[in-house]
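Tertiary structure, described
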Amino acid sequence: MKQHLKSYALITLGSVIYALSFDWFVAPNHFAMGGVTGLAQIAHYLFPGVTVGVASALMNVPLFLIGWKKIGGHLLVSSLYAMVVSNAAIDALNLLFGFQPMDPILAAIFGGGMMGVGLGLVFAQGATTGGTDIVAKLLKLKWPWLPIGKLVVVPDTAVMLLVALTFGELDAMLYGFIKLYTCSRAMDAVLYGAVDSRVAYIISDRWKDLSQTLLQRRGVTILQGQGAYTGAEKQVLMIAFKQKEIVDLKRRVYELDPKAFLIVCDARDVLGNGFSPYRRDEI
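All values derive from a computational prediction rather than experimental measurement. (Residues numbered from 1 in each chain as written. Predicted model: local features only at pLDDT ≥ 70, side-chain atom pairs only at ≥ 80, totals over all residues. Heavy atoms only, no water.)

Let's talk about the overall build of the protein chain
Secondary structure summary: the protein chain contains 10 helices and four strands in total. Mapped in sequence order, the helices and strands of the protein chain form the string α-α-α-α-α-α-α-α-β-α-β-β-α-β. Going through the 283 residues of the protein chain one by one, you find that 44% of them count as buried. For the protein chain, long-range pairs separated by at least 24 residues make up 73% of all intrachain contacts whose partners lie at least 6 apart in sequence. Summed over all atoms, the accessible surface of the protein chain reaches about 15,600 Å², with 64% contributed by carbon and sulfur. (Helix = DSSP H or I, 4+ residues; strand = E, 2+ residues; numbered from the N terminus. Buried < 20%, exposed > 50% of the residue type's maximum accessible area, 1.4 Å probe, protein only. Contact = heavy atoms within 4.5 Å. Areas by Shrake-Rupley, 256 points an atom, 1.4 Å probe, with all protein chains shown as cover.)

Below, the structure is given as structure tokens:
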């Protein structure tokens, strides 16, 4: 029960952040919005009596039914909750605060970043805010190796083109693309985190001493190598570690062998002891 309450609290927070970013940055500047929210913008433009929140809720019904069949009941319940909260928050915040237009570049960058954070919090709990977020999650079933932020871009781009045609403003579409890019990057940062892991390759004549020293902190793998010019056999040490350990690693290598050759690379999705566990339902 405690875990469920925490999950729905995060969904609520993410949904409100999403709604705030829409009312504060997107709507006042008339940016082209992707997804069902973008289609709801068109509906509100054509029929002013229909609010964006109500139009979005109605358009989501068939998508939720498809998502329920393909992904399961948890998506339906949690996403319905996220959709209701986000759409209600969009209308409520719009009534409470009169957000004014601002510099469009700032609005696109910060609005997209805030929206990405909100969507990332919702997605991380196995839910969506409805609309093309469900489409992105369905695409994830077919292409599981692609980040969800990039999959959201595909349907959102098509809707943004339609929104731009409706409002007749090319600038709205171009600023919308800036917002969409920052949203995608922020969403992936929330879901997958910043690159915090590194992998180092060390070539040294004192590889035995180095491996014993490094084994005090992390596991070490010995790879067989050969110099292309000399043909001499070389032992290559490979070690995965956290970013905060990089200074200590370099110091230890330099103290034992100042002539050692060290390569440090970014590493994502490191699984195993001391790193991330495997999750079957990872998005």
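Read on for the rest.
Description of the packing of helix α1 (residues 2-29) against helix α5 (residues 104-124)
Where α1 meets α5, the closest approach of the two axes is 7 Å, and the angle between their N-to-C directions is 160°. On the basis of the axis angle, α1 is roughly antiparallel to α5. Crossing of α1 over α5 shows left-handed handedness. When grouped by side-chain class, the residues that make up the contact of α1 with α5 number 18 nonpolar, six polar and no charged. (Axes fitted to C-alpha atoms, helices over the stretch in contact; angles between N-to-C directions. Parallel < 35°, antiparallel > 145°, perpendicular 65-115°, else oblique. Left-handed = near helix turned anticlockwise from the far one by under 90°. Nonpolar A, V, L, I, M, F, W, Y, C, P; charged D, E, K, R; others polar.)

Here's the deal with helix α8 (residues 170-192)
Under the 1.5 Å per step criterion, the end-to-end length of α8 is 33 Å for 23 residues, consistent within 8% with the ideal 33 Å. Of the positions making up α8, those classed as buried are Ala-172, Met-173, Gly-176, Lys-179, Leu-180, Thr-182, Cys-183, Ser-184, Ala-186, Met-187, Asp-188 and Leu-191. (Expected span 1.5 Å × (residues − 1).)

Topic: the side chain of Arg-218
Mapping Arg-218 onto the fold places it in the loop between α9 (207-214) and β2 (221-226). Side-chain polar atoms of Arg-218 contact the side chain of Glu-245, separated by 3.0 Å. (Polar contact = N/O pair within 3.5 Å; in protein donor to acceptor, adjacent residues only side chain to side chain.)

Some words on the packing of aromatic side chains
A complete count under the given rule lists five aromatic pairs for this structure. Between Phe-97 and Phe-99, the aromatic rings sit 5.8 Å apart at their centres with planes inclined by 40°, giving tilted as the arrangement. On the basis of relative accessibility, which here comes to 46%, the residue Phe-97 falls in the partly exposed class. (Phe/Tyr/Trp six-rings, centres within 6.5 Å; stacked < 30°, edge-to-face > 60°.)

Some details on the sheet that holds strand β1 (residues 197-203)
Strand order in the open sheet formed by four strands is β2-β3-β1-β4, and the pairing between neighbours is antiparallel. The sheet is open, and its two edges are formed by β2 and β4 (261-267), each paired on a single side. The sheet shows a mean angle of 25° between the axes of neighbouring strands, taken without regard to direction. Bridge analysis of β1 against β4 gives seven bridges, and the strand direction is antiparallel. Looking across to β4, one finds that Ile-202 is bridged to Leu-262. Across the sheet, α9 is in contact with β1, β2 and β3 (233-242); its angle to β3 comes to roughly 15°. Sheet strands in contact with helix α10 (residues 246-256) are β1, β3 and β4, and its direction is about 155° off that of β3. (Pairing = 2+ DSSP bridges.)

A few points about the confidence of the model for the protein chain
In low-pLDDT regions, the fine details of the predicted coordinates are not to be read closely. With 87% of its residues at a pLDDT of at least 70, the protein chain reaches an overall mean of 81. Element-level mean pLDDT values for the protein chain span from 70 in helix α6 (residues 132-142) up to 91 in α5. (pLDDT = per-residue confidence, 0-100.)

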